[in-house]
Amino acid sequence: MSVAKSRRLPVMGDVARLAGVSQMTVSRVLNDPGSVRPDTRERVLLAIKQLGYRRNSAARSLVTRRSQTLGVVCFDTTFHGPASMFNGIVHAAEEAGYAVSVASLRRPTADAATQAVQRLVHQSVEGLVLIAPQATEAMAFVRALPADTPVVAVENALPNVTSVSVDQELGARMATEHLLSLGHETVHHVRGPVDWSEANGRVDGWVAALEGQGRMVPRELVGDWSARSGYVAGQKLVRDPRTTAVFAANDSMALGVVRALLDAGARVPQDVSVVGFDDIPEAAYVTPPLTTVSQPFRDVGRRSIEILLDEIEGTAAGATSVIAPELVVRDSTSARRS
């Protein structure tokens, strides 16, 4: 008596390939069909019917030995950017029908990174997302990564790892060029910590914008992302009467700069224009409302999960994905008054 060979149950990636869409689109058809265009929805539903796809995670895990779980490794931080990236990634994973297991580290050491990655691998996660904006963190992760686990890095380019990031240099250029377009002769910069890739990208964009228009590049001031460090930088900048425009590398430091200027008797934006970066929720409601560069955190989360799912299915091209930010102009900037 012969024994019939068991047939692999279809998974979401199979439906996506047959319908010619991404796995995220298949997930939206299953979870929120009204958000998908009718023709695309019908194509996905037809593929589901043809393949006999059934959304039964428990049964599928038993047959395919797939956990339907993704791992996220990040460092414990309250900074708006990394925290928002994390939320975007978790929401995108859940929308795609995956559970999320998180390893949050307090210190960027090689041992801590290795333990975090191994802990998630032992939980049979199908892939990993790494949020490692600092250079020391990034290299610790690289050394800890297993060769057979799909990985996507967020906001840092790692050797031999696909990455998804916001174009920090473009955002900084937009902020600087906006200030120059208002008639300011140059733009001062309060940068973030030197070991953060995002901070370095913003410095590069600021310098490129100034040099591109033949303007003087002032000496940058170094902050630590906090409003207090922005305040200290603002106290230094206000002593120089040539300071008419400031680009701070995040909104918290920008708000610190604004407070220092106001405390010294300067008016914002009449005397000094200020631009931030991140577009934190409070940016629109401070006085004056802050001009800033908005990062599309949800898009980053969605794209990182799309790429990771493609890697899990073996269909990823391996290329990095860079997403453009948006300049949001509010009342903290104005034309230079002679």
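Residues numbered from 1 in each chain as written. Predicted model: local features only at pLDDT ≥ 70, side-chain atom pairs only at ≥ 80, totals over all residues. Heavy atoms only, no water.

**With respect to the overall build of the protein**
Helix and strand counts for the protein come out as 12 helices and 12 strands. Among the 338 residues that make up the protein, the fraction classed as buried is 51%. Long-range contacts, defined here as pairs at least 24 residues apart, represent 73% of the contacts in the protein between residues at least 6 apart. Surface accessibility of the protein: about 15,900 Å² in total, with carbon and sulfur atoms responsible for 50%. (Helix = DSSP H or I, 4+ residues; strand = E, 2+ residues; numbered from the N terminus. Buried < 20%, exposed > 50% of the residue type's maximum accessible area, 1.4 Å probe, protein only. Contact = heavy atoms within 4.5 Å. Areas by Shrake-Rupley, 256 points an atom, 1.4 Å probe, with all protein chains shown as cover.)

**A closer look at the pairing of strand β8 (residues 245-248)**
Neither face of β8 is exposed, since Ala245 and Phe247 on one face and Val246 and Ala248 on the opposite face are all buried. Of the pairings in the sheet, the one linking strand β6 (residues 188-191) to β8 comprises three bridges and is parallel in character. Bridge pairing in β8 places His188 opposite Val246. Taken together, the three bridges between β8 and strand β9 (residues 273-275) define a ladder with parallel strand orientation. Bridging across to β9, Phe247 finds its partner in Val275. The β-α-β motif built from β8, the intervening helix α11 (residues 251-263) and the parallel element β9 has right-handed crossover chirality. (Pairing = 2+ DSSP bridges. Right-handed = clockwise from strand over helix to strand, strands pointing away.)

**Here we look at the pattern of salt bridges**
Under the definition given, this model contains 12 salt bridges. Two residues, Arg191 and Glu220, come together in a salt bridge whose shortest N-O distance is 3.3 Å. Residue Arg191 is found in strand β6, and its partner Glu220 is found in the loop between α9 (197-212) and β7 (221-222); the two are separated by 29 residues along the sequence. Taking the relative accessible area as the measure of exposure, Arg191 reaches 5% and is therefore buried. (Salt bridge = Lys/Arg side-chain N within 4 Å of Asp/Glu carboxyl O.)

**Looking at the nonpolar core**
In this structure, Leu70, Ile89, Val129, Val154, Val300, Ile305 and Leu309 are the most contacted members of the largest nonpolar core, which totals 24 residues. Looking at which element gives the most residues to this core, the answer is helix α12 (residues 297-313), with seven residues. If we ignore the near neighbours within four places in the chain, the residues touching Val154 are Met85, Ile89, Val129, Leu130, Ile131, Ala132, Val164, Val300 and Ser304. Within the second largest apolar cluster, 22 residues are counted, among which are Ala233, Leu237, Ala254 and Ala266. (Core = buried A, V, L, I, M, F, W, Y, C linked by side-chain atoms within 4.5 Å.)

**Concerning the packing of helix α8 (residues 168-181) against α9**
When two helices pack together, their arrangement is given by the angle between the helix axes and by the axis-to-axis distance. Between α8 and α9, whose axes approach to 7 Å, the crossing angle comes to 40 degrees. Judged on the interaxial angle alone, α9 and α8 are oblique. For the element pair α8 and α9, the recorded crossing hand is right-handed. Residues Gln168, Glu169, Ala172, Arg173, Thr176, Glu177 and Leu180 of α8 form the contact with α9, whose participating residues are Glu198, Gly201, Arg202, Asp204, Gly205, Trp206, Ala208, Ala209 and Leu210. Grouping the amino acids of the contact of α8 with α9 by side-chain chemistry returns six nonpolar, four polar and six charged. (Axes fitted to C-alpha atoms, helices over the stretch in contact; angles between N-to-C directions. Parallel < 35°, antiparallel > 145°, perpendicular 65-115°, else oblique. Left-handed = near helix turned anticlockwise from the far one by under 90°. Nonpolar A, V, L, I, M, F, W, Y, C, P; charged D, E, K, R; others polar.)

Any link to function would need more than the numbers given here.
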